[in-house]
Structure formats: C-alpha cells, structure tokens
Amino acid sequence: MTIELWYVRSGRLVPTRRTRPATVATSRLALSELSAGPTPAEAATGMVTLLPAGVEVTRIVDGVATLGPVPSADDPADRRRLREAQVVWTLTQFPTVRRVRFPGGAPVGRADYPGLLAPIVVTGPSVGERVTAPLTVSGTADVFEATVSVRVLDDAGRQVAAAFGTASCGSGCRGDYRVVVNWRTNREQHGTIEVYEVSARDGTRINAVAVPVLLAPPDS
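This is a predicted model, so every value here is computed, not measured.

Reading the values: the criteria
Residues numbered from 1 in each chain as written. Predicted model: local features only at pLDDT ≥ 70, side-chain atom pairs only at ≥ 80, totals over all residues. Heavy atoms only, no water. Helix = DSSP H or I, 4+ residues; strand = E, 2+ residues; numbered from the N terminus. Rg over C-alpha atoms; globule rule 2.2 N^0.38 Å. Buried < 20%, exposed > 50% of the residue type's maximum accessible area, 1.4 Å probe, protein only. Contact = heavy atoms within 4.5 Å. Pairing = 2+ DSSP bridges. Axes fitted to C-alpha atoms, helices over the stretch in contact; angles between N-to-C directions. Disulfide = S-S within 2.5 Å. Core = buried A, V, L, I, M, F, W, Y, C linked by side-chain atoms within 4.5 Å. Patch = residues over 30% accessible without salt bridge, like charges linked within 9 Å, V, L, I, M, F, W, Y side chains within 5 Å. Areas by Shrake-Rupley, 256 points an atom, 1.4 Å probe, with all protein chains shown as cover. Salt bridge = Lys/Arg side-chain N within 4 Å of Asp/Glu carboxyl O. Lys, Arg positive; Asp, Glu negative; His and termini not counted. Charge placed at Lys NZ, Arg CZ, Asp CG, Glu CD.

Along the backbone of the protein there are 3 helices and 13 strands. At 18 Å, the protein has a C-alpha radius of gyration in line with the 17 Å of a compact globule built from 220 residues. Counting all 220 residues of the protein, 46% fall into the buried class. Residue pairs in contact within the protein that sit at least 24 positions apart in sequence constitute 59% of those at least 6 positions apart.

In structure tokens:
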C-alpha cells in the first residue's frame, strides 16, 4: 500500500509517499513512518519531522481519531501547530478519519490549520521516484490565474522539457492541478522536476518546488 506523509520544510507542510506492505493498522503505520522522519534524499531537500516516536492512535470513532500522549508538549506554539498539522494531514488521507483529537482538545481537521501550505504543493512524483515520460505531475496550488508551470532538468541541470496547465482554482483559492510533461532520454540519470509559478510582474519563476527524481528511458 502507498501512504502519504506530510513533513515540514521551511515552516510549511510538504508531502511525500511511502510504499509499504498492506496492513489493517494504517493509522499506526502512518504515524510510525511520520515519526521515523524523511529518507536521506528527502532530508537533502530540507524535509524534517516534528513528531516524536511513540505517538499512537488509541481509537477511531465516528471519523475521529483520538491520540495518546504527545511528548514535547511544552514546545513553542508555532512548532506545536506544525506538528499537529503533520498528524492531521497524514491521518485524514484515510477514509475512516475526518478529524483528529489531541489530548485535552476538541477534534480538529485540515481546515483548522490554514496557511501551512506553500503556494504550490507537489503530491506526485515523490522525491527519489523513478519516472518515465510522459509523466503526470500533480498537486494543489494557489497561484496567479491558476497557471502552474513544470520543467524537467537533466543531471547536468539543463532543461529538457517544459509544460504548463491550470489548477481547478487560483488567485486566492487553492485548486488541484495535473500537468503532463514529456521528454526523451536514452539512459537512466538523476534529474529534477521543477514546478513553479511565472511572476505576473516580471516573468521570473517564483514559488518553485524542486523534486529530485530518477529519469528513466521508456519501459520496453
């Protein structure tokens, strides 16, 4: 099964994915992976986790996942808010969880943590993923005129392809986007998928998100 984990980078939530053996204890698996932290490749992009080990879901009733004690409860408010948001965004990917109850608090959901997403969020591909063309780049964005741009860089940093698309909402609201980009390569190599917004002021790339990947030739 593939699960989505939400880590922290530069004070914002960022997603990545893990493929693990299937289990009925999905919430336990997700929190265990979340507290274990990013892989070396993910950490190289600036991802960190604020969730300590040992935090578990004690029960799930009527769409509310209740957590046991969370260590480091005396952290500053902004750090605690980010840590809670990591848990909320990770657990609410599952259909059985709509909200999360932390010890001593009322149930909260994703809407209770506004402002913690960057203008552009990339949910696919993930850091280190082996990708082939054509590739669908997906995520959410709140950008000018809902326009999301994508470019592919090879292992020398050269641009080998570019494309753009529109999110389902933009300029003050967040929408989903899917952009298909194509390129050619005859060998497997490290590369980068860069997703960005073109500045309405001067045409420069802004709010860029770089995802290191492995560019592979078409599957035979």
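The discussion continues.
As a further point, take the sheet that holds strand β5 (residues 99–101). Overall, mixed pairing links the 3 strands, which are arranged β3-β4-β5 in an open sheet. Edge positions in the sheet fall to β3 (57–61) and β5, since each has one partner strand and no second. The sheet shows a mean angle of 25° between the axes of neighbouring strands, direction not considered. Pairing between strand β4 (residues 64–67) and β5: 3 bridges, direction parallel. Across the sheet, residue A65 finds its bridge partner in β5, namely V100.

As a further point, take the side chain of E33. Tracing the backbone through its elements, the reader meets E33 in helix α1 (residues 26–36). Residue E33 is classed as buried on the basis of its relative accessible area of 13%. Apart from the residues within four sequence positions on either side, E33 is in contact with I3, L5, Y7, R18 and R20.

Looking now at unusual backbone geometry. For residues besides glycine, phi is generally negative; the peptide bonds are generally trans as well. The omega torsion of the bond from G124 to P125 falls at 5°, within 30 degrees of zero and hence cis. Tracing the sequence through the fold places P125 in the loop between β6 (120–124) and β7 (130–131). Cis rather than trans, the peptide bond between A133 and P134 has omega equal to -5°. Topologically, P134 is positioned in the loop between β7 and β8 (135–141). A positive phi angle, close to 55°, is found at E145, a residue other than glycine. Within the element layout of this structure, E145 appears in the loop between β8 and β9 (147–153). We note that N207 has phi near 50°; this positive angle belongs to a residue other than glycine.

Moving on, we get to the state of the cysteines. Counted by the stated rule, this structure contains 1 disulfide. With a sulfur-sulfur separation of 1.5 Å, C169 is cross-linked through a disulfide to C173. Classification of the bridge connecting C169 and C173 rests on its S-S torsion, roughly -90°, and on that basis the disulfide is left-handed. For C173, a relative accessible area of 25% corresponds to the partly exposed category.

Right, let's talk about the nonpolar core for a bit. Grouped together as the largest cluster of nonpolar side chains are 59 residues, with contacts concentrated most on L91, Y177 and I193. Broken down by element, this core gets its largest block of residues, 6 residues, from helix α3 (residues 77–91). Beyond its immediate chain neighbours, meaning those up to four positions away, Y177 contacts I120, V121, V122, V137, S138, G139, T140, A141, V148, T166, A167 and V195.

Turning to α1, its buried residues are T26, S27, L29, A30, L31, E33 and L34. Packed against the buried residues of α1 are β1 (2–9), β2 (12–19), β3 and α3. Phi turns positive, to about 90°, at G37, one or two residues after α1.

So, about a positive patch on the surface. Together, R59, R98, R99 and R101 line one region of the surface with positive charge. One can find R59 in strand β3.

This part takes up the sheet that holds strand β11 (residues 175–181). Pairing is antiparallel across the open sheet formed by 3 strands, whose spatial order is β6-β8-β11. Edge positions in the open sheet fall to β6 and β11, since each of these has one partner strand only. Averaged over all adjacent pairs, the angle separating strand axes in this sheet is 30°, with direction ignored. As defined by bridge partners, β6 adjoins β8 across 4 bridges and the pair is classed as antiparallel. Of the residues in β8, the one forming a bridge with V121 is T140.

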